[in-house]
Amino acid sequence: MTTTPEAGDLAATDPARTKRVLLAKPRGYCAGVDRAVITVEKALETYGAPIYVRKEIVHNRHVVDTLTERGVIFVDETDEVPEGAMVVFSAHGVSPKVHEEAEARNLRTIDATCPLVTKVHKEVNRFARDDYDILLIGHEGHEEVEGTAGEAPERVQLVDKPEDVDKVEVRDPNKVVWLSQTTLSVDETMERVDQLKGKFPDLQAPPSDDICYATSNRQDAVKAMAAECDLVIVVGSQNSSNSKRLVEVALQAGATDSHLIDYAEQIDESWLEGVGTIGVTSGASVPDVLVFQVLDHLAERGWTDVDEVTTANEKVTFALPRELRKDLDENPNNPKSVR
């Protein structure tokens, strides 16, 4: 594998090559996902199976299936967890109501919410205390949105589609702020913000970007290579918001075609007909082993030349949840990775 240090170097690649792969970097696991998965692995080792997890710990089929095989039981709600048992809250975050329900059932909890999601929760609380109307840009029904809105349901209005902007009503147009789900398309979010500003000129922005660095970085990497790609393959699950956004970003940035898959065997041979350059990337909850299976699949069909397109180097890490760290200090173990 060769590496192009800058996205601009793509122009220097040999145009005579008929089959090549552009491999996006960064891709795959972000710091929040890594923290959440290791949290569950460590919980298994420290407390033993079964460990209950509310919702999917991250939105990836492979990760969920692998952890299930190791003794994790995924549930939709806390009332499915036996009283007094341990439950881990997923990386997407939960509302105060869920914490209250867990406490009422005397559950031991470990909160694996991504710290960047927690940041948005704190912003909701801050603006609600200051009596703002909060316009939350996000996808209806997504777990992260439900958890974030649940911090102050009487103050939060969800803005998902363009037509939702017309439905928004506020008490004081001078006290309105927009916040967003962390895994959205940057461009689409700003389109929605522009719409809202047209209706509320004094609309305030969050104190810092709500869309997480990993989501932005993965979209930037796709944008850097999409115009050269006849096909962009995004590895990720259908319920992964940031993975689905990568498909949209690839098409908007000039890729001829783009598809979302969980596994290499889901690649339709018809997608490859007449294709020269294939871009490959993965969502923020995808272990790299799945990407390399895609590269092997393509290599078997003649796409052996792989150039890695690097647009950023990520060095962010997050500490494990404090509930778990205390017990680990007393009984340290090495994680057995599912990656």
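Please read all numbers here as calculations on a predicted model, not as lab measurements. Residue positions are given per chain, counted from 1 along the sequence in the order it is written. Reporting of local features is limited, given that this is a predicted model, to residues whose pLDDT is at least 70; pairs of side-chain atoms are given and counted only at 80 or more, and all residues count toward the totals for whole chains, interfaces and linings. Only hydrogens and water are set aside; all other atoms, that is, all heavy atoms of the structure, feed into the side-chain values.

(A) Broad picture of the UniProt feature "active site" (unreviewed entry) in the protein chain. UniProt tags Glu144 as "active site" (unreviewed entry). Counting from the N terminus, the helices are the DSSP runs of H or I reaching at least four residues and the strands are the DSSP runs of E reaching at least two. Mapped onto the elements, Glu144 comes out in helix H5 (residues 143-149). UniProt positions are given in the numbering used here, feature names are shortened, and annotations may be inferred rather than shown by experiment.

(B) Fine view of the packing of helix H1 (residues 31-47) against helix H11 (residues 322-330). The interhelical angle for the contact between H1 and H11, taken along N-to-C directions, is 40°, at an axis separation of 11 Å. In this view, H1 runs oblique relative to H11, as classed from their interaxial angle. The hand of the H1/H11 crossing is left-handed. Between H1, through Thr39, Lys42, Ala43, Thr46 and Tyr47, and H11, the contact on the second element is made entirely by Glu323, Leu324, Asp327 and Leu328. Simply put, an axis is a line fit to the C-alpha atoms, just over the touching stretch for a helix, and the angle between two N-to-C directions goes from 0 to 180 degrees. Working definition: roughly parallel below 35 degrees, roughly antiparallel above 145 degrees, roughly perpendicular at 65 to 115 degrees, and oblique for all remaining angles. By definition, turning the near helix anticlockwise from the far helix through less than a right angle yields a left-handed crossing, and turning it clockwise yields a right-handed one. Only heavy atoms enter the contact rule, under which two residues are in contact if any of them lie within 4.5 Å.

(C) Region of the structure containing the packing of aromatic side chains. Stacked, edge-to-face and tilted labels apply to pairs of Phe, Tyr and Trp rings (six-membered ring for Trp) whose centres lie within 6.5 Å, assigned for plane angles under 30 degrees, over 60, and everything in between, in that order. Evaluation of the coordinates by the stated rule reveals one aromatic pair. On the basis of an interplanar angle of 75° and a centroid distance of 5.3 Å, the ring pair of Phe127 and Tyr132 is categorised as edge-to-face. Any Lys NZ or Arg CZ found within 6 Å of a ring centre and within 35 degrees of that ring's normal is scored as a charge over the ring. Sitting over the ring of Tyr47, Arg108 keeps its end group 5.1 Å from the ring centre. Of note, Arg126 hangs over the ring of Phe127, and the distance from its end group to the ring centre comes to 4.7 Å.

(D) Fine view of unusual backbone geometry. Omega for the peptide link from Lys25 to Pro26 comes to 10°, which places this bond in the cis form. Turning to its location among the elements, Pro26 is positioned in the loop between strand E2 (20-25) and H1. Cis geometry marks the peptide bond from Ala49 to Pro50; its omega dihedral reads 0°. Counting through the fold element by element, Pro50 comes out in the loop between H1 and strand E3 (51-54). Of note in the backbone geometry, Asn106 takes a positive phi value of approximately 60° without being a glycine. Each residue's exposure class comes from its accessible area (1.4 Å probe, protein chains only) as a fraction of the maximum for that residue type: buried when under 20%, exposed when over 50%, partly exposed otherwise. Residue classification places Asn106 among the exposed residues on the basis of a relative accessible area of 57%.

(E) Structural view of the sheet that holds strand E9 (residues 176-180). Two strands form a pair only when DSSP identifies at least two bridges running between them. Read across the open sheet, the three strands follow the order E8-E7-E9; overall the sheet is parallel. One side of each edge strand has no neighbouring strand; the edge strands of this open sheet are strand E8 (156-159) and E9. Adjacent strand axes in the sheet meet at a mean angle of 30° when their direction is disregarded. Sheet topology places strand E7 (residues 133-137) next to E9; five bridges connect them, and they run parallel. Bridge pairing in E9 links Asp133 to Val176. Helix H4 (residues 115-129) contacts E7, E8 and E9 of the sheet and is inclined by roughly 170° relative to E9. Where helix H7 (residues 186-199) meets the sheet, its contacts fall on E7, E8 and E9, and the angle it forms with E7 comes to roughly 150°.

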